[in-house]
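# Summary of the model geometry
If you want the building blocks of each chain, they are given just below.
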Amino acid sequence: MLQEFKAFIARGNVLDLAVAVIIGAAFGAVVTSFTEDMVMPIIGLVSGGADFTSLFVVLGDLPADYKGSPADYEALKKAGVPLFGYGKFITAFINFVIIAFVIFLMVRAANKAMAQPAAPAEPPGPTPSEALLAEIRDELKKGRG
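Residues numbered from 1 in each chain as written. Predicted model: local features only at pLDDT ≥ 70, side-chain atom pairs only at ≥ 80, totals over all residues. Heavy atoms only, no water.

### A closer look at the overall build of the protein chain
When you go through the protein chain residue by residue, the secondary structure sums to 5 helices and 2 strands. Scanning the protein chain from its N terminus toward the C terminus, one meets helices and strands in the order α-α-β-α-β-α-α. Taken along its principal axes, the extent of the C-alpha atoms in the protein chain is 110 × 55 × 30 Å. For the protein chain, the share of sequence-separated contacts (at least 6 apart) that also reach a separation of at least 24 residues comes to 54%. Counting every atom, the protein chain has about 11,700 Å² of accessible surface; 69% of that belongs to carbon and sulfur. Between the mean site of the 12 positive side-chain charges and the mean site of the 14 negative ones, the protein chain shows a separation of 8 Å. (Helix = DSSP H or I, 4+ residues; strand = E, 2+ residues; numbered from the N terminus. Contact = heavy atoms within 4.5 Å. Areas by Shrake-Rupley, 256 points an atom, 1.4 Å probe, with all protein chains shown as cover. Lys, Arg positive; Asp, Glu negative; His and termini not counted. Charge placed at Lys NZ, Arg CZ, Asp CG, Glu CD.)

### Looking at helix 5 (residues 128–144)
The end-to-end C-alpha distance of helix 5, which contains 17 residues, comes to 25 Å, matching closely the 24 Å that a straight helix rising 1.5 Å per residue would cover. The buried fraction of helix 5 is low, at 0 of 17 residues. (Expected span 1.5 Å × (residues − 1). Buried < 20%, exposed > 50% of the residue type's maximum accessible area, 1.4 Å probe, protein only.)

### What to know about the packing of aromatic side chains
Scanning the model with the defined rule gives 5 aromatic pairs in all. Relative to Phe96, the ring of Phe93 has its centre 6.4 Å away and its plane inclined at 35°; by these criteria the two rings are tilted. Taken together, the residues span about one helical turn, with Phe93 and Phe96 both in helix 4 (residues 86–113) at a distance of 3 residues. Classification of Phe93 by relative accessible area gives partly exposed; the value is 45%. In this structure an aromatic cluster arises from ring pairing among Phe89, Phe93 and Phe96. (Phe/Tyr/Trp six-rings, centres within 6.5 Å; stacked < 30°, edge-to-face > 60°.)

### Details of the side chain of Thr91
On the secondary structure map, Thr91 appears in helix 4. Exposure remark for Thr91: the relative accessible area of 4% places this residue in the buried category. Those residues within four positions of Thr91 in sequence are excluded, and the remaining contacts are Thr35, Glu36, Met40, Phe52 and Thr53.

Interpretation in functional terms is not warranted from these geometric data alone.
Shown next, in the form of structure tokens:
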């Protein structure tokens, strides 16, 4: 069983997948930072200062011993208050769209780089001499039959 496991791990596909997962995780972190630190502040500026990460609706009562701000999403979440945090979802959705678009561009570039060679051109028709010889051959076949 150990030998089979070693053979499985040594396959190129498994190693390629491991590299892809590691690079994907790093890429995800970059996109998350790009979205949260660069895109969302610009969207907030354009939309009048809205901070999407703090958009939420409180679905339950605040605990009696809660001393924090009722507008602090993280503190409310930590206190166990049920929240409908749609702002975090908007941020995650923007992350997804950015990642999907970048992957689309990468696949498109790879498809162009690995473009299929053009189909070979059909051979040109027979030359006039070949056509005349074919006619003579066909007439000779008719004459024998």
